Amino acid sequence: MWNKLKTYLDQQANATQSIKLTLQLFFTFIVIFSTRHQSPYVYLNFAFFIALLLQLALVTNALMKPLFWYTILFFLAIRLYADYYLAANHLFVCIYLTLAILVYLHTGKDEGVLRKNFQIILGLVLFFSGFQKLISGGYTHGQFFEYMLYRGDFLWPLKYLSPHFAAATQANKALMQEAAQSYGIAGTVPLLTAPIPHAAAVARVLTHTSVWLEIVAGIAVLFSGKKWYAHALAAATIIGVAITRQEFGFLSLLTISALPLCRWRWLLHAYTVLIVLLHAGIIIRLGFL
Amino acid sequence: MPNKPTGLLHYLQYYGIGTLLLLLAGWQMYESGWRSLTRWKGGGFGMYAEVHYGARYLWAKCGAGTQPVRLDTLSTQASSYHRALLNAQRQPHIQHLAELGLQAGAVLGMAIDTLEVWAPNVATISNGYTMRPMVTYIPATNQRIQHVE
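Keep in mind it's a predicted model, so treat the numbers as computed, not measured. (Residues numbered from 1 in each chain as written. Chains lettered and ligands numbered in written order. Predicted model: local features only at pLDDT ≥ 70, side-chain atom pairs only at ≥ 80, totals over all residues. Heavy atoms only, no water.)

Our focus in this paragraph is the packing of aromatic side chains. Enumeration over the complete set of coordinates arrives at 23 aromatic pairs over all chains. A centroid spacing of 6.2 Å and a plane angle of 35° characterise the contact between A:Phe144 and A:Phe145, whose relative ring orientation is tilted. Of the two residues examined, A:Phe144 and A:Phe145, each falls in the buried class. Of the aromatic side chains, those joined through ring pairs into one cluster are A:Phe26, A:Phe27, A:Phe68 and A:Trp69. Geometry around B:Tyr48 places A:Arg245 over its ring, the cationic atom sitting 4.9 Å from the centre. (Phe/Tyr/Trp six-rings, centres within 6.5 Å; stacked < 30°, edge-to-face > 60°. Buried < 20%, exposed > 50% of the residue type's maximum accessible area, 1.4 Å probe, protein only. Lys NZ or Arg CZ within 6 Å of the ring centre and 35° of its normal.)

This is the structure we're talking about:
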């Protein structure tokens, strides 16, 4: 038993298989993203799916053909061009990853090229998401997470575990909506119910943890993407964000970006399970896209 | 096995996408830091770095003595095209938001002299829920006043 486990833990990931798995899971994300994301471009969506499904049906190993990814890039680029300032950050990451796949396919399927591009994308995205929080006004004092906590948008599993948390956050949200109906701060200031004890302190600690974890994970991935500590930091960030916020879609993209950087087979499997859980969470609307 | 490219082509293959990401994220940080774009949008990956742009409210004032009107709640009074205009709180860029607010006001026959964007005041949340003005926009002089955070 232990020997089998040790053998499994020691097994190296096969680079070609990792990349194939990455493309499959990224394609799954694109499908979820395109079908769930609100888009006014019905005809464009329709044409896009006809083009993709035809290629999947008629072309052998379509996922490894540039045309397939050009179709995806075309669709994503049109949406980005039309709604640049409204587009979610997912769309930007999807485009970067699609470009990286195309570069890989056009360079004789050079695994090093794909790995390096995915590493840079993951590292920079993690770094920027931490850095943006660091330079944002009230964020570093923990006030923003505290506000999110009072709304029930932070530490979301507590909604299912604590009846007090669920009732308090629901009441707070209703008060906030009511307050927004009157101009400015006229009338009495509605007092909100603290959903957990020491909410301010909890929010402050988690704020600092989140900011520095994201920044350090970003730098670690950027400079040593295949090292165990880079994966440990990236995985801690992804799992931490999944527990506190419901950004399942974006987290899935980050995990997909980490797949080609896996040195061990068990890590590849662990990331795959995480991606599947996140995708399932999006489909049943437990988390956001 | 094709020959490995060198020089610029090699750089583009390995670092071209990263450079593009850096340029766009840098541009977004300029836009959000100096031109009021929300950190949530524009490819800078600043989600959850500030209050969601959907929690902002657009108030219009039409002269002294009149009650301010919240533009984004008038949606049911207008046609679908104008509803899109009136759904101003979804506009992440305050510049766009102001333009849409003015168009919406024109459609509704309102002579708007001041537009104000309000957002939740997260600094005082444990002492009660208040809103604070983020930006005041005066269309006649094209003046934009950014309130201190």
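Moving on: empty space enclosed by the protein. Residues and elements named next belong to chain A. The final tally for this structure, using the stated rule, is two cavities of 30 Å³ or more. Size it by volume and the largest cavity reaches roughly 100 Å³. Forming the walls of the largest cavity are 13 residues, and the residues nearest its centre are Ser129, Glu214, Glu247, Phe250 and Leu254. Those elements that provide at least two residues to the lining of the largest cavity are α6 (111–134), α11 (228–244) and α12 (248–258). (1 Å grid on protein atoms, 1.4 Å probe; cavity = no way out; pocket = protein on both sides within 12 Å on 5 of 7 lines; lining within 4 Å. Points joined across faces, edges and corners; volume = space filled by probe spheres on them. Helix = DSSP H or I, 4+ residues; strand = E, 2+ residues; numbered from the N terminus.)

Take helix α5 (residues 89–106) of chain A next. Residues and elements named next belong to chain A. With 18 residues, α5 ought to run about 26 Å at 1.5 Å a step, and its terminal C-alpha atoms sit 26 Å apart, in line with that. Along α5, 15 of the 18 residues are buried, which leaves the element largely enclosed by surrounding structure. Positioned one or two residues after α5, Gly108 has a phi angle of 65°, which is positive. (Expected span 1.5 Å × (residues − 1).)

A few words on the side chain of A:Thr169. Residue placement: A:Thr169 occurs in helix α9 (residues 163–179). Residue contacts for A:Thr169: discarding those within four places in its chain leaves A:Leu149, A:Tyr150, A:Arg151, A:Gly152 and A:Pro195. (Contact = heavy atoms within 4.5 Å.)

Right, let's talk about the packing of α11(A) against α12(A) for a bit. Axes are the key here: two packed helices are described by the angle between their axes and the distance separating the axes. Residues and elements named next belong to chain A. Packing of α11 against α12 brings their axes to within 10 Å, and their N-to-C directions diverge by 165°. Classified by the angle their axes make, α11 and α12 are roughly antiparallel. Here α11 runs over α12; the crossing is left-handed. Only Phe248, Leu251, Leu254, Thr255 and Ala258 of α12 make contact with α11, whose side of the interface consists of His231, Ile238, Val241 and Ala242. A breakdown of the residues in the contact of α11 with α12 according to their chemical character gives seven nonpolar, two polar and no charged. (Axes fitted to C-alpha atoms, helices over the stretch in contact; angles between N-to-C directions. Parallel < 35°, antiparallel > 145°, perpendicular 65-115°, else oblique. Left-handed = near helix turned anticlockwise from the far one by under 90°. Nonpolar A, V, L, I, M, F, W, Y, C, P; charged D, E, K, R; others polar.)

The next thing to look at is the interface of chain B and chain A. The extent of an interface is frequently quoted as the accessible surface area lost upon association of the parts. Taken together, the 55 residues of chain B in the interface contact 56 residues of chain A. Of all residues in chain B, the largest losses of buried area upon contact with chain A belong to B:Phe45, B:Tyr48 and B:Tyr129, amounting jointly to 17% of the total for that side. For the interface between chain B and chain A, the tally reads zero salt bridges. Counting the contacts that link chain B with chain A gives 10 residue pairs in polar contact (both at pLDDT 80 or more). For the side of chain B that touches chain A, the element with the most residues is helix α1 (residues 7–34) of chain B, which contributes 15 residues. Residues of the side of chain B that touches chain A, tallied by class, amount to 29 nonpolar, 16 polar and 10 charged. (Buried area = accessible area lost by both parts, 1.4 Å probe. Salt bridge = Lys/Arg side-chain N within 4 Å of Asp/Glu carboxyl O. Polar contact = N/O pair within 3.5 Å; in protein donor to acceptor, adjacent residues only side chain to side chain.)

All names here are of chain A. Counting buried residues along α12, 11 of its 11 residues qualify, which places the element largely inside the surrounding structure. Listed in full, the buried residues belonging to α12 are Phe248, Gly249, Phe250, Leu251, Ser252, Leu253, Leu254, Thr255, Ile256, Ser257 and Ala258. Elements that come into contact with the buried residues of α12 comprise α2 (15–36), α5, α6, α11 and α13 (265–283).

In this section: the packing of helix α10 (residues 199–224) of chain A against α11(A). Residue and element names in this part refer to chain A. Two elements in contact, α10 and α11, have axes whose closest approach is 8 Å; the angle formed by their N-to-C orientations is 145°. Both α10 and α11 take part in a crossing whose hand is left-handed. Residue-level inspection shows Leu213, Glu214, Val216, Ala217, Ala220, Val221 and Ser224 of α10 in contact with α11, the latter providing Tyr229, Ala230, Leu233, Ala234, Ala236, Thr237 and Val241. Residue composition of the contact of α10 with α11, by class: 11 nonpolar, two polar and one charged.

On to the sheet that holds strand β1 (residues 57–61) of chain B, then. All names here are of chain B. With respect to topology, five strands assemble into an open sheet ordered β2-β1-β3-β4-β5, the strand pairing being antiparallel. The sheet terminates laterally at β2 (69–70) and β5 (143–146), the two strands that pair on one side only. Of the pairings in the sheet, the one linking strand β4 (residues 131–138) to β5 comprises four bridges and is antiparallel in character. The residue of β5 that forms the bridge with Ile138 is Gln143. (Pairing = 2+ DSSP bridges.)

Residue and element names in this part refer to chain B. The pairing of strand β3 (residues 114–120) with β4 spans six bridges and is antiparallel. Looking at β4, one finds that Pro120 is bridged to Met131. What sits between β4 and β5 in their antiparallel hairpin is a turn of four residues, with Asn142 showing a positive phi close to 55°.

Residue and element names in this part refer to chain A. By secondary structure assignment, the location of Gln246 is in the loop between α11 and α12. Looking at Gln246, the relative accessible area reads 6%, which means it is buried. Among the polar contacts made by the side chain of Gln246, one reaches the main-chain carbonyl oxygen of Leu286 at a distance of 2.8 Å. The residues contacting Gln246, other than those within four sequence positions of it, are Trp156, Lys159, Val241, Leu286, Gly287 and Phe288.

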